[in-house]
Structure formats: structure tokens, C-alpha cells
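Here is what each chain is made of, one letter per residue.
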Amino acid sequence: MERENSFANTGMSAEQQELLRYLLEEEGIEAPRTQTILPRPDQSNAPLSFSQQRLWFLHQLDPRSACYNEPTSVQVTGRLDVGLLERCVNEIVRRHESLRTVFRAVDGRPTQKIRESLTIEIPITDLSAVPEPDRSAKVRHCALETFQRPFDLAEGPLVRFRLLRAGEQEHVLLIAAHHIISDGWSTGVLFQELAALYDAYSDGGEPRLPDLPIQYADFAHWQNQSLSNELLESHLAYWKEKLRGPLPSLDLPQDRPRPPVQSYRGARHYFCLPQSLSEDVKTLSQREGVTVFMTLLAAFQALLHRYSGQDDIIVGSPVAGRNWPEVEGLIGCFLNTIVLRTDFSGRPNFRELLARVRRVAAEAYAHQELPFERLVEELQPKRDTSRNPIFQVMFVLQNPVKPKLPGLSLQPLNLDRGATPFDLILSMEDNGERLGGWFEYNTDLFDPETIARAVAHFERLLAGAILNPEKEVSRLSLLTDPERRQLSSWNSTQADYPSERCLHEWFEAQVERSPNAIAVIFENGRLTFRELNRRANRLGRKLKKMGVGPETLVAICMERSIEMVVALLGVLKAGAAYVPLDPEYPRERLAFMLQDCGAPVLLTQPELLGALPEHSARLVVLDRAQTALAGESDENLAGTTRAENVAYVIYTSGSTGQPKGVMITHGAICNHMAWMLERFPLSSSDRVVQKTPFSFDASVWEFYAPLLSGVPLVVARPGGHRDAAYLIDLIARQRITVIQLVPSLLEMLLEENRLEQCRSLRRVFCGGESLSVELQQRLLACLDVELHNLYGPTEASIDASYWTCRRETVGTHVPIGRPISNTEIYILDRELNPVPIGVRGEIFLAGKGLARGYLRRPSLTAEKFVPNPFSSEGSRLYRTGDLARYRSDGAVEFLGRGDDQVKLRGFRI
């Protein structure tokens, strides 16, 4: 059987009511006034109460839904008289009209129709022959079957009983009632009357239950008649002011995309807080002058605030709705809902948050008499079939009610009903010693593991808040110790690499190994490794004679060609760093970049001279005949460059402002190339195509992966990266085996419907844009290739993470994976706290691949490259501005660019 848990209702104890009255006085809020409810003058059919109207409407939308079935399950130990139990149940049905009520439309309007009589039978399912532990599973199965079977509101009955016989003196009683006729308080009323009746009938006597002053239909009639009075209008004015403006949808971290229409499939995760923490909650509440409800609500809303990054947190909470003595003993749907909207702006500490929640809760309770349905009708929120209006999450603190029957032991059971009306509900109760409860969650959105982590985070946050209520809520820890160790293990990426080697030296070592192998292919031209090295050496010597050396910037404005490859290597051999200038850029941008970088030398081609803007750099014009390099030695140059020197400066796109030059050192790019060639080695049969404009850092890998591995580099013609048909022909003609593509270019290639001609491909890298699962599946269905998704900003030397794609990938977008060697990925919230698995945060990068910073922008460098609080070695973090979250397997999911303010949700960039 499941762990014990008592029944509960959402009414307040006498102690809580007294404290609430005190808080209302303290806050200067007028307490709600009660009115007298009389029997309705017309005892025929009655209108629906406002809560019933909403439930009836929801039932019309989905008659097969069991979302609003109220479940009760009790283990009964002892000699149960089943006939006597059935007699008691039917006496309760006779006393309460609500249990004999059905709902039918009369003249197009729903009406309560009360049957004169109704006999309830209690079927028995004998499980005594089923061995344990199969019996427990069978009990759960029978419970789900009972709770999930829908009710017919027009025909009824709207309550069902079922008895599971586990042994001679062991039964499980299951009760399901539609919420339109019952609520949590009603369950307590039912068992109180059941106990009195069972006791009386057992002794052969007659029960002495007091007559009911009114019936539920009387309440519904009164409620419909009283809505025009001043009291309810004042309540409505309060709620309209409290909920004015756009109401935010709570953006919790989900495991799956929200379906367009709610299914209400749900499950529960039960938990119990440690006794010491439970006692601390009560102690803090007493010290701060708040109720336990308010303390737990504050902690829950704080968790939602931390999960979502939102400052405006709206939570619903049920109230018993029994502010009139006439209805306290009735079975029926009196439950109402209040809205608790808490503002987290200004970085409150937990004590300040408690004060805010205290005010919010006290005001809400003072205005609880307005039916929630009337509020929804008045506010007219935008209808969305995928989520509930106004709020999507509920918080409940319930009073436990232990059921009793004379001569029998009754223990409530936690048996899942398999449904939920909201995204998430936290229900808690106090059994006297410990606080416990459950998270009820929508299984379309959340996995069980996600909810289990949420329980741990709730407990951790609550414990931290009680220990230090002066601490800002945004700085309270959520992570458990095992989670911290797990996150740390995912950043354990230490690996050896040629940390003292420069990029051109690595190339020279490859020349020694394969001097006669083909190094570069461009249209009809080819160069061996030896020929390419000699040309680059000649250029390097010329540049050195012009005063070029370490930390000197040399601008290159060239179209794709063999000369471009010579230029890149020649600049490095001179000890300098190159700055690529795409000749297709507007003249204004080229002029800005030349002035900004201050390069004293500019390499270009004869055909581009007329397109260059005015500049002060000395020109070196490279042509196929190498006229400018005549007379220079082709021997390797003596090494004067160090790993810490800059190898290249690539300018960002400027899409979020002015373009910025990113300085990448030899050590940083060599770390990336070492990881790439170890993780994805190239063989002698491979060919790599270079087609990315060299002003993008993805081109660096395309140039140097083949040149450092001894395999041919095939250079696409100028503009070829925009011509899908040309690229397909080039791949097929040159038997390209490895290619790197942005997803948008991959889509262009697939749309050509000729990609199957590229069967030589064995490995495809994607990066630069988010890769959709749909695009991945299309490629893998077309070609038998490896597909790897790469992520990394220019500031991290091309790539910071990678993911090997799998056909069974779920979701809409492919993960960006795990960090590469000597790289760390941190996903942090706005206070630079590590976020838990599944929670959105900003990507911060650390490790050997980080850029030195931004060229001639020390203040921007200091802003974006910040001290690493997770390292004692004085390392830095680069804040990418990109949003992501960890999956449970350690893979990172990219969620959006940081300049998207809708997705950013308040993250400071």
C-alpha cells in the first residue's frame, strides 16, 4: 500500500482564523462580513452556483475528461459490515440533495435537477487471491480505473463507491465524486456523518444527526441573487485593481513543448519535510507574525521566481468558501479560488518577501467572497486552450481530517488520480509533527525526475530562507550537494594539447610529414604542402621586412582563392595576427574596420583595388604570379611568436551594435584544433571544403583542420556558399567527405533534392544557428553520415560544445551538447548562481579557448569577461548572453539569443 496521508480540506483552523483576523487588523484591512442564507422559496429546479457553472462549461468542452473527479481512498482494517456501510452511504445520499443532483440544460441554460431518491450500490472487487506485491499494483490500477472514469452530468449519479477486498479484515474503500457536487471539505463531512451513522446502526439504534438548515441548491440560488449587492461589487473593484494590466503566463522550465490543447493528464509526487525543518517553519512564522500558509507560499513563489526568472508571480489558492454557518455541514462545491500576486522586484530578502506575501494573502482573504468565475468573466483574459486563464499554478495548505469508523482502523492512502487541472499544484498539510504533501503536475509538460528535483529545490530554498531570512531571495541556494558535484563533473574536461605551439608551427610540422601531398585545390589550381609552405614563407619574410611581428595586425581583403590561403599562413609566419575583411562588405564597414584595427599593412588582390575604401595601410597585392614576393626566401622563418600572442582578430557582425574585434590567441585556437582533430580525426582519404566567408570564425576550422592533418583543402569559388546547386556539384565532383554548414545552408542543400548525389560525405558539422530536429531527421534520412551540432561564439575560439546527433532525438531542437576539451560551460542566473538541471539561465564560458578580449575596448572586455567565481586560479568567464538549460544527461539545450528580450526574461547582459 502507499504511504499514509490524512484527508484534508482547505478551511482554516480556529487558530489560523484568529491569526488572520489579527493580520487583517494589523494591515488595516476590513474583514469579510457574513450574511444569512435562507432556503429558496421555489423548491423546484435551481440554478447552478458560479463554480458549478464553470465546471459544467468545462465538462461540455471535454465530457470524457476525469480532471475534475475528486478522489478518496482509504485502507479499512477490521471486520467491515459492507451492508451496513452501504446503508450509511444511502442515508447520507438521502440527507444531501447535492448527491442526488444531475445537471441538464433547460431552455439552453444549465439547471440543477434534484432526484427524489437515489440508491447507491458499493461493488466489491476481491483481490485476496492476488499475492503481494502484485496486490498493491492491482489496488493502484483499480483506483485509477475508478477515479478516471468520467461522469455523465446529465444522468448521474455523480458519486461512485468501490470496495477492494484484500483479506478477511482488510479492504480499500474508493470514492470518486465529480467536483461539481463535492469538494475537500465535503469529504470530511461525509466521513463525519458516516461515522455517526455506522456507530448508531451498529448498536441497533437510530442516528441523531442534526437537520440541515439549507441544501446546496439554496446556496446556489442565494449566490445568484446576491451578486448585485454592494459587498460583492467592492470585492470586484479590489480584484480588478489587483489584476489590472497584462497578466504574465508563468514560464516554468518544461521537459516538453506545451501542447496546443490541455489534456489534463497528471501525476503526483509525495514528500515530507524533515521534522526539524517543519518545526523551523512554524517558529519562523510565529516570530515574523505570519501564518504557516504565508511562509510556505512565500517559499513556493520564490521557487517559481527563481525557476522562471520572472518578478511578477501569480499563484492561485483554494479557499473553503464556507463563511456562512448554514453551509458548514453541507456536501457540495463551495470551494472558491483566490489569486495571490506577488512582486519580486527590488531584490527582496526573505523577510521582506514575507511582508509582501502577508499583505497579499491578507487582502485576498478579505476579498475571498467574490466567485472566481465572476472574476474571470469580468477580466475577460485572452483565451488560450493550452493553459488556464490568470494563473497556471496553485498552492494549497490543507487541514488534515482523519476518517473514523467505530471498531475499524481507517488510514487514508496516497493513490494517484492520474489527472490535474493545472500545470503544477503544491498541496501541503500539517499532520502535527511534520509538514508534507505532494506536487501534482501535468505529465505532458514535466517528467517525474523534474518534479523530484523541484521538491529538493523547494526544501533547500526553504531551509536557506529560515536559516538566513536577511538573505536576498535571488541568492538563496537551490542546488543540493549531489547536484553541485554533478554539475562540476560535467565541466571536468582537462586534456593535454600543444599549449606552447603556434598554429603555423603546427602546419610546418605537417609539411615535414607530407610535403608532396596535395594541400589546396581551387578550381583548376593545386598546391602541395611544400609549395604552399614556400609561398607562405616568402610572404612572411616580406611582411617582416615591412616591420610586421608579434601583436601586429595585418588586414586581409581577398576573395576565396589559393592566394587567400597563402595570405593567412604568411601573416602567421611573420608572427603577426590577421584581420579578415570580406570584400563583399559595404565600403563603410570596411573603412570602419580598417580604422578601428589600425592595421599598418593590408593584403589584397589586383581585382579588388578599386573596391577598397580610403585607408592609410601599406598595400601588398598578391596575384597568381606572386609578383610582390619575387626574391624572397622560401625557407621557414625563425620562430618569434608565442602561444599567448594573437593569431587573428575577427569582427562580430555588429547586429547588436558596433562591430567589435575579437582577439584570439594561438594557444586558444590550438586548443580547439587539438580537440577537433583528436575527437574527429581526418584520414588520408578525407577532403574538406572551405566555403565559409573568412570573416566568420567557422572558416578557421575549415582552413586549418585539413592543413594540420595532411589532407586536401578544397576551396569553393567566391560566392559559392550561397549557391546550393554549385555546392552539391562541388561536393560530388571533388568527393568531399567532411563539411561544415549552418542549418539554413543545410536546408538550402536539402531543398535542391539532389543531396543524395553527395554520397562521399561521411561527416557533417552544423553550427552558427539552432539546428532543428526536423532538419536533422531530413539529412539523416537522405545520407548515411555522422551529424554533429556545434555551439560557440567567436569569443570562445569557434566552438565551446558539441553534440553527436541521434535519430531518436526528442523535442524541437537538437542539444548543443557538452563542453569541448579544456572548456567549461556554466549556466547561471542573473546573480551568477548555477541553475539546477532543467532551469533556464545564461551561458557563461571558461577555459583555454577564451579570447584575450575585444580589440581596443578595455571597458567592454571587462564587462563581458568577468572573474570566474568557480575557480581559484584567477581565470575568467565569458558571458555569452545566450540562454540555455542543462538536461539530466548533462547535455546543454540552447533556448535563445540573449538579445531576444522576450526570452531573456530579465537577465542582465
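Preceding block: the structure.
Quick look at the structure, then. (Residues numbered from 1 in each chain as written. Predicted model: local features only at pLDDT ≥ 70, side-chain atom pairs only at ≥ 80, totals over all residues. Heavy atoms only, no water.)

### What about the overall build of the protein?
The secondary structure content of the protein amounts to 24 helices and 36 strands. Dimensions of the protein, computed from C-alpha atoms along their principal axes, come out at roughly 120 × 60 × 55 Å. Of all 909 residues assigned to the protein, the portion counted as buried reaches 59%. Contacts spanning at least 24 positions in sequence make up 75% of the contacts within the protein whose residues lie at least 6 apart. One finds the centroid of the 103 positive side-chain charges in the protein at a distance of 6 Å from the centroid of its 116 negative side-chain charges. (Helix = DSSP H or I, 4+ residues; strand = E, 2+ residues; numbered from the N terminus. Buried < 20%, exposed > 50% of the residue type's maximum accessible area, 1.4 Å probe, protein only. Contact = heavy atoms within 4.5 Å. Lys, Arg positive; Asp, Glu negative; His and termini not counted. Charge placed at Lys NZ, Arg CZ, Asp CG, Glu CD.)

### Structural notes on the nonpolar core
Counting residues in each nonpolar core, the largest one holds 164 residues, and the members touching the most others are Phe395, Met428, Leu532, Leu543, Leu603, Tyr704 and Leu707. Ranked by residue count, the leading element in this core is helix H9 (residues 292-308), at 11 residues. If we skip the residues at most four places from it in the chain, Leu707 touches Phe507, Gln510, Ala519, Val520, Phe529, Leu532, Val565, Leu569 and Leu713. Counting 66 residues, the second-largest nonpolar core is a separate cluster that includes Trp56, Ile122, Phe147 and Ile331. (Core = buried A, V, L, I, M, F, W, Y, C linked by side-chain atoms within 4.5 Å.)

### A word on the pattern of salt bridges
Inspection of every chain in the model, using the stated rule, returns 49 salt bridges. The partner of Arg256 in a salt bridge is Asp447, and the shortest N-O contact between them spans 2.7 Å. Of the two residues, Arg256 sits in the loop between helix H7 (230-242) and strand S9 (266-272) while Asp447 sits in the loop between strand S15 (435-442) and helix H12 (448-467), which places them 191 residues apart along the sequence. Looking at Asp447, the relative accessible area reads 25%, which means it is partly exposed. We note a salt bridge from Arg347 to Glu831, for which the minimum N-O separation is 3.1 Å. You can see Arg347 sitting in the loop between strand S11 (336-343) and helix H10 (350-366) and its partner Glu831 sitting in the loop between strand S31 (823-828) and strand S32 (841-847), a full 484 residues away along the chain. (Salt bridge = Lys/Arg side-chain N within 4 Å of Asp/Glu carboxyl O.)

### Details of H10
Over its 17 residues, H10 extends 24 Å from the first C-alpha to the last, a length consistent with the 24 Å expected when each residue adds 1.5 Å. Burial runs high along H10: 12 of the 17 residues are buried. Listing the buried residues of H10 in full gives Phe350, Leu353, Leu354, Val357, Arg358, Val360, Ala361, Ala362, Glu363, Ala364, Tyr365 and Ala366. Two to three positions downstream of the cap, the backbone nitrogen of Arg351 sits 3.1 Å from a side-chain oxygen, assigning the N-cap of H10 to Asn349. (Expected span 1.5 Å × (residues − 1). Polar contact = N/O pair within 3.5 Å; in protein donor to acceptor, adjacent residues only side chain to side chain.)

### Looking at the packing of aromatic side chains
For the structure on display, the rule yields 27 aromatic pairs. With centroids separated by 5.6 Å and ring planes inclined at 50°, the aromatic side chains of Tyr216 and Phe219 adopt a geometry described as tilted. Pair noted here: Tyr216 and Phe219 are both in helix H6 (residues 216-226), with a separation of 3 residues, about one helical turn. An identical accessibility class is assigned to Tyr216 and Phe219; each is buried. Summarising the aromatic geometry, the rings of Trp675 and Phe680 are spaced 5.8 Å apart at their centres and angled 90° between planes, so their arrangement reads as edge-to-face. Each member of the pair, Trp675 together with Phe680, is buried. An aromatic cluster of three or more residues is present, and its members are Phe271, Phe293, Phe300, Tyr365, Phe395 and Phe439. (Phe/Tyr/Trp six-rings, centres within 6.5 Å; stacked < 30°, edge-to-face > 60°.)

### Thoughts on the packing of H9 against H10
Following both chains from N to C, one finds H9 and H10 inclined at 115°, their axes separated by 9 Å at the closest point. For the element pair H9 / H10, the angle class is roughly perpendicular. In this structure, H9 crosses over H10, and the sense of that crossing is right-handed. Facing H9, whose interface residues are Phe293, Met294, Thr295, Leu297, Ala298, Ala299, Gln301 and Ala302, H10 presents Phe350, Leu353, Leu354, Val357, Arg358, Ala361, Ala362 and Tyr365. Looking at the contact of H9 with H10 residue by residue, the classes come out as 13 nonpolar, 2 polar and 1 charged. (Axes fitted to C-alpha atoms, helices over the stretch in contact; angles between N-to-C directions. Parallel < 35°, antiparallel > 145°, perpendicular 65-115°, else oblique. Left-handed = near helix turned anticlockwise from the far one by under 90°. Nonpolar A, V, L, I, M, F, W, Y, C, P; charged D, E, K, R; others polar.)

### Observations regarding the packing of helix H14 (residues 503-513) against helix H18 (residues 666-679)
Where H14 meets H18, the closest approach of the two axes is 9 Å, and the angle between their N-to-C directions is 45°. Taken together, H14 and H18 sit at an angle that is classed as oblique. Counting all contacts with H14, which are made through Leu503, His504 and Trp506, the residues of H18 involved are His666, Ile669, Cys670, Met673, Ala674 and Leu677. Looking at the contact of H14 with H18 residue by residue, the class counts come to 7 nonpolar, 2 polar and no charged.

### Examining the state of the cysteines
Such a bond, covalent and formed between the sulfur atoms of two cysteines, is termed a disulfide. What the rule picks out here adds up to 0 disulfides. Sulfur of Cys758: no disulfide; nearest cysteine sulfur belongs to Cys782 and is 8.1 Å away. Assessed through its relative accessible area of 0%, Cys758 is described here as buried. Unpaired in this structure, Cys805 has its nearest cysteine sulfur neighbour in Cys766, at a distance of 7.3 Å. (Disulfide = S-S within 2.5 Å.)

### Description of the environment of Tyr201
Tracing the sequence through the fold places Tyr201 in helix H5 (residues 184-202). The class of Tyr201 is buried, set by a relative accessible area of 11%. Along the backbone, Tyr201 and Cys88 are 113 residues apart, and their C-alpha atoms lie at a distance of 8.2 Å. Apart from residues no more than four positions distant in its own chain, Tyr201 is found in contact with Leu84, Arg87, Cys88, Glu91, Glu206 and Pro207.

### Focus on unusual backbone geometry
Pro157 follows Gly156 through a cis peptide bond whose omega is -10°. Note on placement: Pro157 falls in the loop between helix H4 (134-148) and strand S7 (159-167). The phi dihedral of Gln380 is positive, around 50°, even though this residue is not glycine. When you line up the elements, Gln380 lands in the loop between helix H11 (372-379) and strand S12 (393-401). One non-glycine residue, Glu551, lies in the positive phi region at around 75°. Tracing the backbone shows Glu551 in the loop between helix H15 (529-545) and strand S18 (553-557).

### Let's talk about the sheet that holds strand S13 (residues 409-412)
Strand order in this open sheet of 5 strands is S6-S7-S8-S3-S13, and the pairing throughout is mixed. If you trace the sheet from one side to the other, it starts and ends with strand S6 (124-126) and S13, each paired once. Across this sheet, the average inter-strand angle for adjacent strands is 25°, counted without regard to direction. Examined bridge by bridge, S7 and strand S8 (residues 170-178) share 8 bridges and lie antiparallel to one another. Paired with Phe161 across the bridge in S8 is Ile175. (Pairing = 2+ DSSP bridges.)

### Structural notes on the environment of Arg306
Mapped onto the elements, Arg306 comes out in helix H9. Considering only alpha carbons, one finds Arg306 and Val139, 167 residues apart in sequence, at a separation of 38 Å. Excluding residues within four positions of it along the chain, Arg306 makes contact with Leu461, Val473, Ser474, Arg475, Leu476, Leu478, Asp829, Asn833 and Val839. Here the side chain of Arg306 touches Val473 through a polar contact of 2.9 Å, landing on its backbone oxygen. In terms of polar contacts, Arg306 uses its side chain to reach the backbone carbonyl oxygen of Leu476, at 2.5 Å.

### Regarding the side chain of Arg589
Considering the arrangement of structural elements, one finds Arg589 in helix H17 (residues 587-597). We note that Arg589 is buried and unpaired, the nearest opposite charge coming from Asp582 at a distance of 8.4 Å. Apart from the residues within four sequence positions on either side, Arg589 is in contact with Tyr651, Thr652, Ser653, Gly654 and Pro659.

### Digging into the pairing of strand S16 (residues 518-522)
Note on strand geometry: in a regular strand, side chains alternate between the two faces of the sheet. Within S16, 4 of the 5 residues are buried, which leaves it mostly tucked inside the rest of the structure. Pairing of S16 with strand S17 (residues 525-528) involves 4 bridges; the strand directions are antiparallel. Paired with Val520 across the bridge in S17 is Leu527. Judged from the 3 bridges that link them, S16 and strand S25 (residues 713-715) form a sheet pairing that is parallel. Each bridged residue has a counterpart across the sheet, and for Ile521 the counterpart in S25 is Val714.

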